[in-house]
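Examining the three-dimensional arrangement
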Amino acid sequence: MALFGKKAEKKQQPVASSLSSVPTVPQNTANVANTASLAHIALSAIKDGVIIVDSQRMIRLINPAAITLTGDIDVDLVVGMDVALSIQFEDEDGNKIPDDQSPVLHAISTNQAFESNNLVLVSKNNNKKFPVEVFVIPTGGPESDRIVTVRDITREKREEDAQSEFISTASHEMRTPVASIEGYLGLALNPQTATIDNRAKTYLEAAHNASQHLGKLFQDLLDVTKLDDRKIQPHFRPIILADQIKEITNNFVEKARAKNVQLVYDDPSASRSMRTIEQPIYVFVDIDFLNEIVSNLIDNAIKYTPSGKSIRVSVKSDNDRGVIVVQDAGIGITGADLQHIFQKFYRADNSQTREIGGTGLGLYIVKQRTEAMNGTVWAESVYGQGSTFFVSFQKLSQDEYEKRQIALTNELQLQKAQQMKQYQEATMVAQKNLEQTMPAMAPQPAPAIQPASTPAVPPTQPAPVQAPAAQPVQQPVQPQQAPVQPTPQPSYPPGQISQSNAIQNNQNIIQ
Ligand code: ADP
């Protein structure tokens, strides 16, 4: 199989994609031709796909590994072709990425560097799919060539999945005994349920703290594996950012007070003149994710801020972004640590942090959640003086906010109506089943009170109990011997649709 660009190909021997058939290194490597030959050999031998494209996205050179991945058969056909025809991607959920939305093609066209390990390459060879790591590397100005490298990461993904599955199962299993240990230690420490001396109390308190830490670690691990598996998807809704952040901050006031740390929500509108009309900041986010992000940041701020100091939480507008700011006057983070704090399991290691418990997962979760909502998170810090964490999201205009609110309300109503309909149908089926299996016990119509045609209201008492009292039984009934038919159970009665459920089902429409 030939592999390089047409020009190069004329000078080179055809090279098959297997390593065994790679040509041997020429004796004399001291001249340019031989250097090119060596480069050719190297490109033929490596297992990563390499494609060189020009500024018009035309393929100038392609190596055997790339040919294998893309499923292209003939290099003569590929060289000179638009790279969009050779590399086609799906996202991890199996959705085809159209050319006009492809981040790889965009990076090639705009001559920008790009890197991703979340794309799936669809091969022309039987539509085989490979999870890949892709790099786009500009080599110079706008007219220069771009290098695209594509690496098959099927094995890494499989190993990651197995690891994630193991951690998820293990932490799930271990959470239960840890909760039980925590519960018993709580009982032992409670003077109303146990009597212990002071020394035992100190030991048990230490054990209680450690078991709480372990419980948090397992919970964080579970959250992380769910995140990595993308099991939890955001369910977006339009919100007024300040309202939400104020509410989350309020949930931590007690915790901060217990540590003698002052926690304040900095409301800019409160300090401005009465005549200033503050424009609310609207964003489109998942409320649970937002809660988790801001709670983690405030929790950390409390944890890493010594007693007597303060924490300020605020919301500000920065051009087209709404920004949440959590600022503390705590221990701070060194420049070296600051680069890593959002990595999984990373903890700054110094005398102060060693004394403060932690899992190194909180900020990783913050980053993942933020990015899942197309947001950005970053931190600034002066070691010994304090840290500030920022989370920003694209703002919605008031008009967009209102439109999405209306769409959400409509969708909720539709959901409710559908739930009501399902419930009515389930009730009717249940009633019919009952009539067939135990005719004498089936509820008889009671037209004066509730017409049979309107079964919308669920019976407050189970029907079989009411029936015998209202209608004297003619035949002896032996319910135990009656064949038992499964009775459909509606998941929840009308009017009790949890809002978050409704919103979850909603996202496709309001997004
Ligand atoms: P942890 O459970 O260790 O707090 P995180 O992922 O939340 O894990 O944070 C990672 C590390 O970042 C922490 O171990 C700590 O060193 C540092 N860090 C996070 N927040 C702060 C803060 N507000 N002040 C100082 N250091 C912080």
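From a predicted model like this one, the values you see are computed outputs, not experimental measurements. (Residues numbered from 1 in each chain as written. Predicted model: local features only at pLDDT ≥ 70, side-chain atom pairs only at ≥ 80, totals over all residues. Heavy atoms only, no water.)

1. Some remarks on the pairing of strand β12 (residues 376-382)
Regular strands show a simple pattern: their side chains alternate between the two faces of the sheet. Going residue by residue along β12, you find Val377, Ala379 and Ser381 tucked away on one face and Thr376, Trp378, Glu380 and Val382 left uncovered on the opposite face. Sheet analysis places β12 next to strand β13 (residues 386-396), joined by seven bridges and oriented antiparallel. In the strand pairing of β13, valine 382 is matched with glycine 386. Counted along the chain from β12 to the antiparallel partner β13, the turn is three residues long, and its residue glycine 384 has a positive phi close to 90 degrees. (Buried < 20%, exposed > 50% of the residue type's maximum accessible area, 1.4 Å probe, protein only. Helix = DSSP H or I, 4+ residues; strand = E, 2+ residues; numbered from the N terminus. Pairing = 2+ DSSP bridges.)

2. Describing the pattern of salt bridges
One pass over the structure, following the stated rule, counts 18 salt bridges. Across the pair glutamate 254 and arginine 257 runs a salt bridge whose closest N-O atoms are separated by 2.7 Å. Taken as a pair, glutamate 254 and arginine 257 lie in helix α9 (residues 253-258) at a separation of three residues, close to a single helical turn. Like glutamate 254, the residue arginine 257 is exposed in the burial classification. Notably, a salt bridge pairs lysine 367 with glutamate 371, separated by 2.9 Å at the nearest N-O pair. Placement of the pair is lysine 367 and glutamate 371 together in helix α14 (residues 362-372), with a separation of four residues, close to one helical turn. On the accessibility criterion, lysine 367 (26% relative accessible area) is partly exposed. Glutamate 371 gets classed as partly exposed once you look at its relative accessible area, which sits at 41%. Through salt bridges that share partners, Glu133, Arg151 and Glu156 make up one connected network. (Salt bridge = Lys/Arg side-chain N within 4 Å of Asp/Glu carboxyl O.)

3. Some words on the nonpolar core
Within the largest apolar cluster, 41 residues are counted, with the highest numbers of intra-cluster contacts made by Leu241, Ile245, Leu290 and Phe393. Here this core gets eight residues from one element, more than from any other, and that element is helix α11 (residues 287-303). Once you skip the residues sitting within four places of it in the chain, isoleucine 245 turns out to touch Tyr265, Leu290, Val294, Val313, Val315 and Ile324. By size, the runner-up hydrophobic cluster in this structure holds 29 residues, among which are Ala66, Val79, Phe114 and Val150. (Core = buried A, V, L, I, M, F, W, Y, C linked by side-chain atoms within 4.5 Å. Contact = heavy atoms within 4.5 Å.)

4. Remarks on unusual backbone geometry
The backbone of asparagine 127 sits at a positive phi, close to 55 degrees, despite the residue not being glycine. Mapping asparagine 127 onto the fold places it in the loop between β4 (114-122) and β5 (129-138). Even without being a glycine, asparagine 260 presents a positive backbone phi close to 60 degrees. With respect to the secondary-structure elements, asparagine 260 resides in the loop between α9 and β8 (262-266).

5. Quick notes on the sheet that holds β4
A sheet is described by the order of its strands in space; here six strands give the open sequence β2-β1-β6-β5-β4-β3, paired in antiparallel fashion. Each edge of the sheet is formed by a strand with only one pairing partner; in this case those strands are β2 (59-62) and β3 (88-90). Each strand of the sheet is rotated relative to its neighbour by a mean of 40 degrees, with strand direction disregarded. Relative to strand β6 (residues 146-152), β5 runs antiparallel, the two being bridged by seven bridges. By the bridge assignment, valine 132 is partnered in β6 with aspartate 152. (Axes fitted to C-alpha atoms, helices over the stretch in contact; angles between N-to-C directions.)

6. Some thoughts on the site of the ligand
Among the 21 residues in the neighbourhood of the ligand, the closest are listed as Asn300, Tyr304, Arg347, Thr359 and Leu363. Tyrosine 304 has a polar side-chain atom sitting 2.7 Å from an oxygen atom of the ligand. A distance of 2.4 Å separates an oxygen atom of the ligand from a polar side-chain atom of arginine 347. The protein chains hide 98% of the 530 Å² of surface that the ligand would expose on its own. When residues of the shell around the ligand are traced back to their parent elements, those giving at least two are α11, α14 and β13. (Near = heavy atom within 4 Å. Polar contact = N/O pair within 3.5 Å; in protein donor to acceptor, adjacent residues only side chain to side chain. Areas by Shrake-Rupley, 256 points an atom, 1.4 Å probe, with all protein chains shown as cover.)

7. A few points about the packing of helix α8 (residues 241-250) against α11
Across the interface, α8 lies against α11 with an axial gap of 10 Å and an inter-helix angle of 50 degrees. Accordingly, the angle class assigned to the pair α8 and α11 is oblique. With respect to the hand of their crossing, α8 and α11 are arranged in right-handed fashion. Across the interface between the two elements, Leu241, Gln244, Ile245, Ile248 and Thr249 of α8 pack against Ile287, Leu290, Asn291, Val294, Ser295 and Ile298 of α11. (Parallel < 35°, antiparallel > 145°, perpendicular 65-115°, else oblique. Left-handed = near helix turned anticlockwise from the far one by under 90°.)

8. Notes on empty space enclosed by the protein
Rolled over the atoms, a probe with the dimensions of a water molecule shows which regions are left empty. Considering all chains together, one arrives at one cavity of 30 Å³ or more under this definition. Lining the largest cavity, in full, are Ile87, Gln88, Phe89, Lys96, Ile97, Asp99, Ser102 and Leu105. The class makeup of the residues in the lining of the largest cavity is four nonpolar, two polar and two charged. (1 Å grid on protein atoms, 1.4 Å probe; cavity = no way out; pocket = protein on both sides within 12 Å on 5 of 7 lines; lining within 4 Å. Points joined across faces, edges and corners; volume = space filled by probe spheres on them. Nonpolar A, V, L, I, M, F, W, Y, C, P; charged D, E, K, R; others polar.)

9. Details of the packing of α11 against α14
The contact between α11 and α14 brings their axes to 9 Å, and the two run at 150 degrees. Relative to α14, α11 is oriented roughly antiparallel. For the pair α11 and α14, the sense of crossing is left-handed. Facing α11, whose interface residues are Phe289, Glu292, Ile293, Asn296, Leu297 and Asn300, α14 presents Gly362, Leu363, Ile365, Val366, Arg369, Thr370 and Ala372. Split by residue class, the contact of α11 with α14 holds seven nonpolar, four polar and two charged.

10. Things to note about the side chain of serine 123
Structurally, serine 123 is set in the loop between β4 and β5. The exposure class assigned to serine 123 is buried, which follows from its relative accessible area of 2%. A distance of 3.5 Å separates the side chain of serine 123 from the backbone oxygen of leucine 69, its partner in a polar contact. Discounting chain neighbours no more than four positions away, the residues touching serine 123 are Thr68, Leu69, Thr70, Gly71, Lys128 and Phe130.

11. Section: α8
Taken as a whole, α8 has its buried residues at Leu241, Gln244, Ile245, Ile248 and Thr249. Down the axis, α8 shows its buried residues gathered within 135 degrees of arc, on one side only. (Arc of directions from axis to C-beta.)

12. Quick notes on the side chain of serine 171
By the element assignment, serine 171 lies in helix α6 (residues 154-189). At 2.3 Å, the side chain of serine 171 and the backbone oxygen of isoleucine 167 are in polar contact.

13. Considerations on the confidence of the model for the protein chain
When pLDDT is low, close inspection of the predicted coordinates is not appropriate. Predicted confidence across the protein chain gives a mean pLDDT of 79, with 77% of residues reaching 70 or more. The model gives residues 1-26 a pLDDT under 50, and that stretch makes 53 contacts with residues more than four places away or in other chains. Long-range and interchain partners of residues 446-511, a stretch whose pLDDT sits below 50, account for 74 contacts in this model, where long-range means more than four residues apart. (pLDDT = per-residue confidence, 0-100.)

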